[in-house]
Amino acid sequence: MKEILLILLLQLIYVPLLTLRTIFLVRGIPVLASIIGIAEILIYVFGLSLVFSGEQSFAAMVVYALGFGIGIIFGTKIEKRLAIGYINVTVNTQSKNDELIDTLRNNGFGVTLYIGEGRDSNRYKLDILTKRNRESELIAYVEKFEPQAFIISYEPRYFKGGFLLDRIKLSK
């Protein structure tokens, strides 16, 4: 029974590490990814050796697979908490809301305003780049001042210069 619980525990550690390693690779942090990869493979080999040693019970294999599935859920939750990287949020409104723009800027968000031509009237597009861990804060401000706003959030792969990067350089 101890072996079965150890297999489950190892999977609950291994799979979140696998998730984080992949994320760090995608985000361009290869040194951290390789360090995590070393720990990940040690846990993987040890856990797999437990499954295939001894009587190779069906229960051990099922627990190994179950641990993998649960580990994916844990890995996803950890990644969401860490919120590594940046997002670009586009907010489209029907009116120019200076109060929203000022609130965002006063709270450290860089906002670029564009005016576009909609079918019935002008539309106002706010373009905002921020850290992922501030996404819900940003969306809460928008929903408070512009509940009918159309909001799109996505992760940029590359960016250079601008308000946010200048602030990061100043804070170092």
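This text goes with the structure placed above it.
Let me sum up the structure you'll find in this document. (Residues numbered from 1 in each chain as written. Predicted model: local features only at pLDDT ≥ 70, side-chain atom pairs only at ≥ 80, totals over all residues. Heavy atoms only, no water.)

1. Comments concerning the overall build of the protein chain
Regarding its fold elements, the protein chain presents six helices and four strands. Seen in sequence order, the protein chain has helices and strands lined up from the N terminus as α-α-α-β-α-β-β-α-β-α. For a compact globule of 172 residues, the expected C-alpha radius of gyration is about 16 Å, and the protein chain comes in at 23 Å, more than 25% above that figure. Projecting the C-alpha coordinates of the protein chain onto the three principal axes gives extents of approximately 75 × 35 × 25 Å. (Helix = DSSP H or I, 4+ residues; strand = E, 2+ residues; numbered from the N terminus. Rg over C-alpha atoms; globule rule 2.2 N^0.38 Å.)

2. Details of helix H2 (residues 30-52)
With 23 residues, H2 should cover 33 Å at 1.5 Å per step; its first-to-last C-alpha distance of 32 Å lies within 8% of that length. Of the residues making up H2, those classed as buried are Ala33, Ile36, Gly37, Glu40, Ile43, Gly47, Leu50 and Val51. Considering only its buried residues, H2 is in contact with helix H1 (2-26) and helix H3 (58-82). (Expected span 1.5 Å × (residues − 1). Buried < 20%, exposed > 50% of the residue type's maximum accessible area, 1.4 Å probe, protein only. Contact = heavy atoms within 4.5 Å.)

3. Looking at the packing of aromatic side chains
Across all of its chains, the model carries two aromatic pairs by this definition. On the basis of an interplanar angle of 35° and a centroid distance of 5.3 Å, the ring pair of tyrosine 14 and tyrosine 44 is categorised as tilted. Residue tyrosine 14 is found in helix H1, and its partner tyrosine 44 is found in helix H2; the two are separated by 30 residues along the sequence. Tyrosine 14 sits in the buried class, given a relative accessible area of 9%. Both rings, one in phenylalanine 109 and one in tyrosine 141, keep their centres 6.3 Å apart while their planes meet at 75°; by these two values the pair is edge-to-face. Within this pair, whereas phenylalanine 109 is found in the loop between helix H4 (98-106) and strand E2 (110-117), its partner tyrosine 141 is found in helix H5 (residues 135-145), the two being separated by 32 residues in sequence. (Phe/Tyr/Trp six-rings, centres within 6.5 Å; stacked < 30°, edge-to-face > 60°.)

4. A look at the nonpolar core
Ile7, Phe24, Ile36 and Ile43 are the most contacted members of the largest nonpolar core, which has 18 residues in total. For this core, the secondary structure elements donating two or more residues are H1, H2 and H3. Among the elements that take part in this core, H1 stands out by supplying nine residues, more than any other. The next biggest cluster of nonpolar side chains, apart from the first, holds 14 residues, and it includes Leu100, Leu138, Phe145 and Ala149. (Core = buried A, V, L, I, M, F, W, Y, C linked by side-chain atoms within 4.5 Å.)

5. Some words on the packing of H1 against H2
Put simply, H1 and H2 touch, their axes get as near as 8 Å, and they point 155° apart. Taken as axis vectors, H1 and H2 run roughly antiparallel relative to one another. Considering only the axes of H1 and H2, their crossing is left-handed. For the contact of H1 with H2, a count of residues per class yields 20 nonpolar, two polar and three charged. (Axes fitted to C-alpha atoms, helices over the stretch in contact; angles between N-to-C directions. Parallel < 35°, antiparallel > 145°, perpendicular 65-115°, else oblique. Left-handed = near helix turned anticlockwise from the far one by under 90°. Nonpolar A, V, L, I, M, F, W, Y, C, P; charged D, E, K, R; others polar.)

6. Topic: the pairing of strand E1 (residues 86-93)
With respect to burial, E1 is a largely interior element, six of its eight residues being buried. Two elements, E1 and strand E3 (residues 122-131), share eight bridges in a ladder whose sense is antiparallel. The residue bridging asparagine 88 from the neighbouring strand is leucine 129, located in E3. Judged from the five bridges that link them, E1 and strand E4 (residues 150-154) form a sheet pairing that is antiparallel. Bridging across to E4, threonine 90 finds its partner in isoleucine 152. (Pairing = 2+ DSSP bridges.)

7. Side note on the sheet that holds E1
Pairing within the open sheet is antiparallel, and its four strands lie in the order E2-E3-E1-E4. If you trace the sheet from one side to the other, it starts and ends with E2 and E4, each paired once. Each strand of the sheet is rotated relative to its neighbour by a mean of 20°, with strand direction disregarded.

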